[in-house]
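Each chain is listed here by its residues.
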Amino acid sequence: MKFANIEILFFLWLLPLLTLLYWYGRRRRRGILAAFGEPSTLAALLPPGITGRRRLKAVLAWSALLLLVLAMAGPRYGFQWQEVQRHGVDLMIALDCSQSMLADDIQPTRLDRAKREIIDLLTMLGGDRAGLVAFSGTAFVQCPLTLDYSAFDLFLNVLAPGYLPLGGTNMAAAVQTALSAFDTQNPADKAIILITDGEHTGHGDPEAAARKAKAAGVKLFCIGVGSAEGVPVPAAEGGFKKDAAGQIVLTRLDEALLTRMAVATGGTYVRSVAGDMDLEVIYRDHIRGAMTGATMESDRKQVWADRYQWPLAMAILLLLAGHAVPTVRRRLIGLLAVSLLTPCAMAHAGPLQQGYKAYEAGDFDAARQQFIEGQLEDPENPRVLYNLGNAYYKTGNFEAARDHFSQALSQADPALKADLLYNLGNTAFRLGDHQEAIKDYQAALALAPEDHQAQENLDFVKKLLEQQQQQQQQDDTGKQQDQQDQTEPQQKQNPDSGSEKQNETEEKRDGGQKDQPQQPPQSEQESEAKPQPAAGERQDADPAQGDAPQMSQPAADRMLNRLKDEPGRAVMPRY
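Calculation rules
- Residue positions are given per chain, counting from 1 as you read along its sequence in written order.
- Where totals are concerned, whole chains, interfaces and linings use all residues; where local detail is concerned, this predicted model gives features only for residues with pLDDT of at least 70, and gives and counts side-chain atom pairs only at 80 or more.
- Side-chain metrics rest on all non-hydrogen atoms present in the structure, leaving aside hydrogens and water.
- Secondary structure counts use DSSP, requiring at least four H or I residues in a row for a helix and at least two E residues in a row for a strand, with both numbered from the N terminus.
- Categorising residues by exposure relies on relative accessible area from a 1.4 Å probe, with only protein chains included: less than 20% of the type maximum marks a residue as buried, more than 50% marks it as exposed, and the intermediate range marks it as partly exposed.
- Contacts are residue-level and defined by heavy atoms, with any inter-residue pair within 4.5 Å sufficient.
- Every accessible area reported is derived by Shrake-Rupley at a probe size of 1.4 Å, with residue values counting cover from the shown protein chains alone.
- Angles run from 0 to 180 degrees between N-to-C directions of axes, and those axes are lines fitted to C-alpha atoms, restricted for helices to the stretch in contact.
- Roughly parallel here means an angle under 35 degrees, roughly antiparallel means over 145, roughly perpendicular means 65 to 115, and every remaining angle is called oblique.
- Crossing handedness follows the turn of the near helix against the far one: under a right angle anticlockwise gives a left-handed crossing, and clockwise gives a right-handed one.
- All amino acids are sorted into three groups, where Ala, Val, Leu, Ile, Met, Phe, Trp, Tyr, Cys and Pro are nonpolar, Asp, Glu, Lys and Arg are charged, and the leftover types, Gly among them, are polar.
- A patch consists of residues whose relative accessible area exceeds 30% and which take part in no salt bridge; residues with like charges are grouped when within 9 Å of each other, and nonpolar side chains (Val, Leu, Ile, Met, Phe, Trp, Tyr) when within 5 Å.
- Here, a salt bridge means any Lys or Arg side-chain nitrogen found within 4 Å of an Asp or Glu carboxyl oxygen.
- Per-residue confidence from the predictor is given as pLDDT, running between 0 and 100.
- Note that the arc is defined by the directions from the helix axis to the C-beta atoms.
- Pairing between strands is defined by DSSP: at least two bridges between the two strands are required.
- Nonpolar cores were defined as sets of buried Ala, Val, Leu, Ile, Met, Phe, Trp, Tyr and Cys residues, with membership established by side-chain atoms within 4.5 Å.
- Throughout, right-handed denotes a crossover for which the path from the first strand over the helix to the second runs clockwise when the strands point away from the viewer.

**Here we look at the overall build of the protein chain**
Next up, step 1: For the protein chain, the count of helices and strands is 21 helices and 11 strands.
Next up, step 2: The buried share of the protein chain, reckoned over its 575 residues, is 39%.
Next up, step 3: The long-range share in the protein chain, meaning contacts at least 24 apart out of those at least 6 apart in sequence, stands at 74%.
Next up, step 4: Counting every atom, the protein chain has about 32200 Å² of accessible surface; 55% of that belongs to carbon and sulfur.

**Details of the packing of helix α7 (residues 206-215) against helix α8 (residues 255-264)**
Next up, step 1: Look at α7 against α8: their axes get within 8 Å of each other, and the N-to-C directions meet at 15°. Here α7 is positioned roughly parallel relative to α8, judged by the angle of their axes. Regarding α7 and α8, the two cross each other, and that crossing is right-handed. Listed contacts from α8 to Pro206, Glu207, Ala210 and Lys214 of α7 are Leu257, Arg260, Met261 and Ala264.
Next up, step 2: When its residues are assigned to classes, the contact of α7 with α8 shows 5 nonpolar, no polar and 3 charged.

**A few points about a nonpolar patch on the surface**
Next up, step 1: A cluster of nonpolar side chains, namely Tyr308, Leu312, Ile316, Leu317 and Leu320, defines an oily patch on the protein surface of about 470 Å² accessible area.
Next up, step 2: Turning to its location among the elements, Leu317 is positioned in helix α10 (residues 309-324).
Next up, step 3: Leu317 gets classed as exposed once you look at its relative accessible area, which sits at 57%.

**Side note on the confidence of the model for the protein chain**
Note that predicted coordinates carrying low pLDDT should not be read in detail.
Next up, step 1: Confidence in the prediction for the protein chain averages 75 pLDDT; 74% of positions are at 70 or higher.
Next up, step 2: Helix α6 (residues 171-180) holds the highest mean pLDDT among the elements of the protein chain, 93, whereas helix α20 (residues 522-526) holds the lowest, 29.

**Some remarks on the pattern of salt bridges**
Next up, step 1: Taken as a whole, this structure holds 10 salt bridges when the rule is applied.
Next up, step 2: Arg113 is the partner of Glu117 in a salt bridge, and the nearest nitrogen-oxygen pair spans 3.4 Å. Taken together, the residues span about one helical turn, with Glu117 and Arg113 both in helix α4 (residues 110-124) at a distance of 4 residues.
Next up, step 3: Given a relative accessible area of 12%, Glu117 falls into the buried group.

**Some remarks on helix α5 (residues 149-157)**
Next up, step 1: Those residues of α5 not exposed but buried are Tyr149, Phe152 and Leu156. Seen along its axis, α5 keeps its buried residues to an arc of 50°; they face one direction. Opposite the buried face of α5, by more than 90 degrees, sit the exposed residues Ser150 and Leu154.
Next up, step 2: The secondary structure elements touched by the buried residues of α5 are β3 (90-96), α4, β4 (129-135) and β5 (139-146).

**Examining the packing of helix α16 (residues 414-430) against helix α17 (residues 434-447)**
Next up, step 1: Packing of α16 against α17 leaves a shortest axis separation of 8 Å and a crossing angle of 160°. As judged from the angle between their axes, α16 and α17 are roughly antiparallel. Of the two possible hands of crossing, α16 and α17 adopt the one that is left-handed. Contacts between α16 and α17 pair Pro414, Lys417, Ala418, Leu421, Tyr422, Leu424, Gly425, Asn426, Ala428 and Phe429 from the former with His434, Glu436, Ala437, Asp440, Tyr441, Ala443, Ala444 and Leu447 from the latter.
Next up, step 2: Of the residues that constitute the contact of α16 with α17, the class distribution is 12 nonpolar, 3 polar and 3 charged.

**As for the sheet that holds strand β7 (residues 218-225)**
Next up, step 1: Pairing is mixed in the open sheet, where 6 strands are placed in the order β5-β4-β3-β6-β7-β10. Taken across any chain shown, the strands that pair with only one partner, and hence form the sheet edges, are β5 and β10 (269-272). Taken pair by pair, the neighbouring strands of this sheet meet at an average axis angle of 15°, ignoring direction.
Next up, step 2: Bridge count between β3 and β4: 7 bridges; the pairing is parallel. The residue bridging Ile93 from the neighbouring strand is Leu132, located in β4.
Next up, step 3: Contacts from α6 reach β3, β4, β5, β6 (190-196) and β7 within the one sheet, and its direction differs from that of β6 by about 150°.

**Things to note about the nonpolar core**
Next up, step 1: With 35 residues, the main nonpolar core has Leu95, Ile193, Ile195 and Ile287 as its most contacted residues.
Next up, step 2: Secondary-structure elements contributing two or more residues to this core are β3, α4, β4, α5, β6, β7 and α9 (279-287).
Next up, step 3: Per-element accounting of this core gives the leading share, 5 residues, to α4.
Next up, step 4: Contacts of Ile193, omitting those with residues within four sequence positions, involve Leu91, Met92, Ile93, Ala94, Leu121, Phe221, Ile223, Leu279 and Ile287.

**Points about the pairing of β3**
Next up, step 1: By the criterion of burial, β3 is predominantly enclosed, with 7 of the 7 residues buried.
Next up, step 2: Residues Asp90, Met92, Ala94 and Asp96 line one face of β3 and the alternating positions Leu91, Ile93 and Leu95 line the opposite face, and both faces are buried.
Next up, step 3: In this region the chain leaves β3, passes through α4 and returns to the parallel neighbour β4; the handedness of that crossover is right-handed.
Next up, step 4: When β3 meets β6, the two strands line up parallel, connected through 6 bridges. Residue pairing for β6: Ile93 is matched across the bridge by Ile193.

**Here we look at the pairing of β4**
Next up, step 1: Of all 7 residues making up β4, 7 are buried, and the element is well covered by its neighbours.
Next up, step 2: In β4, alternate side chains face the same way, and those of Arg129, Gly131, Val133 and Phe135 on one face and Ala130, Leu132 and Ala134 on the other are all buried.
Next up, step 3: As paired strands, β4 and β5 are joined by 5 bridges and run antiparallel to one another. For Leu132, the partnering residue across the bridge sits in β5 and is Cys143.
Next up, step 4: Where β4 folds back onto β5 in an antiparallel hairpin, the turn is made up of 3 residues.

See below:
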């Protein structure tokens, strides 16, 4: 037997820790019991067999943890032989190692960036053989075609401009050397990836070499590193390389030549300026996706069978068994549950619930007292403030009701805000502030536009306010007319009278007004007699009093309290 993740077995150190934790808990429990009472008393109080059941649960938990660690380690037992074949293409990478590849226009340098991209390419190869050709003024095979990518990596890391004896860039020699490294007997497709940063400076014709590659059935993929404008070539001793005339030597990328070479073989050309060699795209789309591979290697290996299911299933069973073993007897558990649930049930029958029952029974003073006691436990609860305002409203203390509704308004949710604004409108109407009632109804309708009762109340108060204003204007006009009627006759009868006549006339006029009954404004007479109507409960209009409906005070109370003697629309919550 073997383990797939043998490092997981280090978690077995948790078992001694679990043992120490159990021992510490047992010792601490004994100390607490010893301080609680005498051994004889504890024997009578503690359930029989409780210590043995606790030990059994601890053993089951310890064993379950052991099996879980073993399951995570991935035990394997039994194997079978399986044929394994590697299927892929032959790929030669020709890397330019000239001095110009040390330019730092691509960080850290062009050569280092190209090496990193090639290493990333090796991780994507799946059964493909890869080889390496290093070239500058000359070219040679640095690593032959191999499936050992780690060895390829070693040959790649040692490449540097000083590693090759001749400077320059001989692309023709690079292509010819890569062609000679292929196995002509292998039926797999073949490809060359040429990575360079300069123009061809060596002997031979690169295009002719590309045509030979096409004749051999090899595709050429060219990657140009650098810019076509040219960059200075770093010198080995420092600074930049200069020609015989003392001018700085610039290396320029001949993209036209590289493009012709790649197209001639059916490959592609890619220019890399920022350091992205696009090797992944070339390999995935143009090499692996379009070329035909062959069987590179056939072998047999042992395939082990995973057996983690066995310890995992046993661990689950042990955990379930430990959960099924009760620490105390079932009878004691039932008694404990009853003792715990009984105080909870009694706690629910608190002052808020009692206040609600008193409110339903019509005892609003008692409901108000209970809501005040409940408010002490949660003074900022908007629903408690809402219910307390309702109780004040029912007892006729409209000022207190308005204060509590206003306090709850800042913390209530939108649905409760609409109810609070409606109740504030009712309260303002009761207090005779019709303008404020109109504002509250309008705010309630902004939150609940479908509230037809709030709309009807709003229309009613507006009409009532208009009638009061009209009545006030009529009263003012009547007073002015009476004064004019009393003054003009006396002036006609005594046009030249002195101050004594005039004083006498004023005394008669004042005495006439005192005898006249003063009609109070319509708003004072009907503020309580005309409540806000509810839907379906409007009274017929009195022709003698205009369009405003008239009704008795009990009917008005029923219409203002729209939910069965409860102020506002929201049903009071049951606690």
